[in-house]
Amino acid sequence: MIIYWLYFIFPAVLALSGVARMPNQLTNYQYLNFKALWWIFIFSFIILIGLRFEVGGDWENYIRIFSGSDSINSLSDISLSRDPGYQLINYISASMGLGIYGVNLVCASIFSYGLALFCRNLPRPLLALAVSVPYLVIVVSMGYSRQAVAIGLAMIGLVYLGRGKRISFIFCIFLAATMHKSAILLLPIAVLASSRNRIFGFIWVGILVASFFLVFLADTLSIIYGNYTNFEDAASQSDGAFVRLAMNIIPSLIFLLFYKRFSIPEADKRLWKWFSIISVSLMILFFVIPASAAIDRIALYMIPLQLVVFSYLPDIFGHKNAIHRWVMILIIAYYALVQFIWLNFATHAHYWVPYKNVIFYG
């Protein structure tokens, strides 16, 4: 368990000792260049996630995908309807004799780079990184491999979208959808954020709702009929879904309540406003429709909102260093509590504790 705390404490302490970054005066965007420290972070996260050994609730499921009845023995076995990108990674890893660790290393590399790039796009990147550890890193990246790599690609796409590079964003989302088809739902959300035409926006809301049911309801029904045996879905039917939704509700309400105080470029501001509205709507849907796995699945793509809001939060109440420091302490204390509760009391925490790495246990 100590390894998880080291990954949280190190960026948290560095965040407390740092100050908010100023964007480029010409572009108003944050600098994305990676210094040595950030490459160390990326490499260390790749090792943590990619070389884990029998860690994560989906471990046996992905072993089955790699070497069981769902294994990919040739390129002709790759199906466009079954996450072809992830299947291709499995095929290449098997061809090179790297096993499941080759698959996990590729997924971990994409996720870690996407996370680092997303954090570097924020004014307090180290604080955002610390915020990501208790759930996005420990639970999602080590528990939902396909969706984690999709989220990593989505975060890269969101950085591009905020800089007006829509084609790059669309490419990243389509690539993410080859890892996990649910990522395609980010496309209409981005259209909503970039359009000021309300009628056009309502049309895309309808498309979003239709996409939600087309993508997820079939999965839910197949679970009911016993045809969809993915551990991720079975485990997330209702257990823990409320807590995950609640974690998104807090930053959503903060953003909506203090919307005018967030000094975010206008295009990004609209995007995160929609993320906040959707997060609140998902919580309402949780109590209305019996498809918590579907709601839980889309809520995972709302997690980057936590990084954005809490990275900006210390600076929306004024420019006194004392205020900044206390707000950061409260944020770090909150996520330390989240990590403590999850590691010690979560129903499925025993799949993560103790942490094992193939370097020592393989």
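Just above sits the structure.
For the structure given in this document, a descriptive report is provided here. (Residues numbered from 1 in each chain as written. Predicted model: local features only at pLDDT ≥ 70, side-chain atom pairs only at ≥ 80, totals over all residues. Heavy atoms only, no water.)

Describing helix α4 (residues 84-95)
With 12 residues, α4 extends 16 Å between its outermost C-alpha atoms, agreeing within 8% with the 16 Å of an ideal straight helix rising 1.5 Å per residue. Residues Pro84, Gly85, Tyr86, Gln87, Ile89, Asn90 and Ser93 constitute the buried set of α4. Contacts from the buried residues of α4 go to α3 (59-67), α5 (99-120), α7 (145-162) and α8 (166-179). Two residues or fewer after α4 comes glycine 97, characterised by a positive phi angle close to 70 degrees. (Helix = DSSP H or I, 4+ residues; strand = E, 2+ residues; numbered from the N terminus. Expected span 1.5 Å × (residues − 1). Buried < 20%, exposed > 50% of the residue type's maximum accessible area, 1.4 Å probe, protein only. Contact = heavy atoms within 4.5 Å.)

Describing the environment of cysteine 172
Looking at the secondary structure, you find cysteine 172 in helix α8. Along the sequence, cysteine 172 and leucine 153 sit 19 residues apart, while their C-alpha atoms lie 5.7 Å from each other. If near-sequence neighbours (up to four positions away) are discounted, cysteine 172 is found in contact with Leu153, Ile156, Gly157 and Tyr160.

Some remarks on the pattern of salt bridges
Using the criterion set out here, one finds four salt bridges in the structure. Among the ionic pairs, lysine 356 bridges to glutamate 54, the shortest N-O distance being 3.4 Å. Placement of the pair is lysine 356 in the loop between α16 (321-345) and α17 (358-361) and glutamate 54 in the loop between α2 (36-50) and α3, with a sequence separation of 302 residues. Here aspartate 315 makes a salt bridge to arginine 124, at a shortest N to O gap of 3.0 Å. On the criterion of sequence distance, the pair formed by aspartate 315 in the loop between α15 (304-312) and α16 and arginine 124 in the loop between α5 and α6 (125-143) is long-range, its members being 191 residues apart. (Salt bridge = Lys/Arg side-chain N within 4 Å of Asp/Glu carboxyl O.)

Observations concerning the environment of isoleucine 42
Among the structural elements, isoleucine 42 can be located in helix α2. Measuring from C-alpha to C-alpha, the distance between isoleucine 42 and tyrosine 113 comes to 6.3 Å, with 71 residues separating the pair along the chain. Setting aside chain neighbours within four positions, we find isoleucine 42 in contact with Phe34, Ser112, Tyr113 and Ala116.

Brief notes about unusual backbone geometry
With an omega of 0 degrees, the peptide bond between valine 353 and proline 354 qualifies as cis. Position of proline 354 among the secondary structure elements: in the loop between α16 and α17. For glutamate 54, which is not glycine, the phi torsion reads 55 degrees and is therefore positive.

A closer look at the environment of leucine 300
Note that leucine 300 resides in the loop between α14 (292-299) and α15. Residue leucine 300 is classed as buried on the basis of its relative accessible area of 5%. For the pair leucine 300 and leucine 245, spaced 55 residues apart in the sequence, the C-alpha separation amounts to 8.7 Å.

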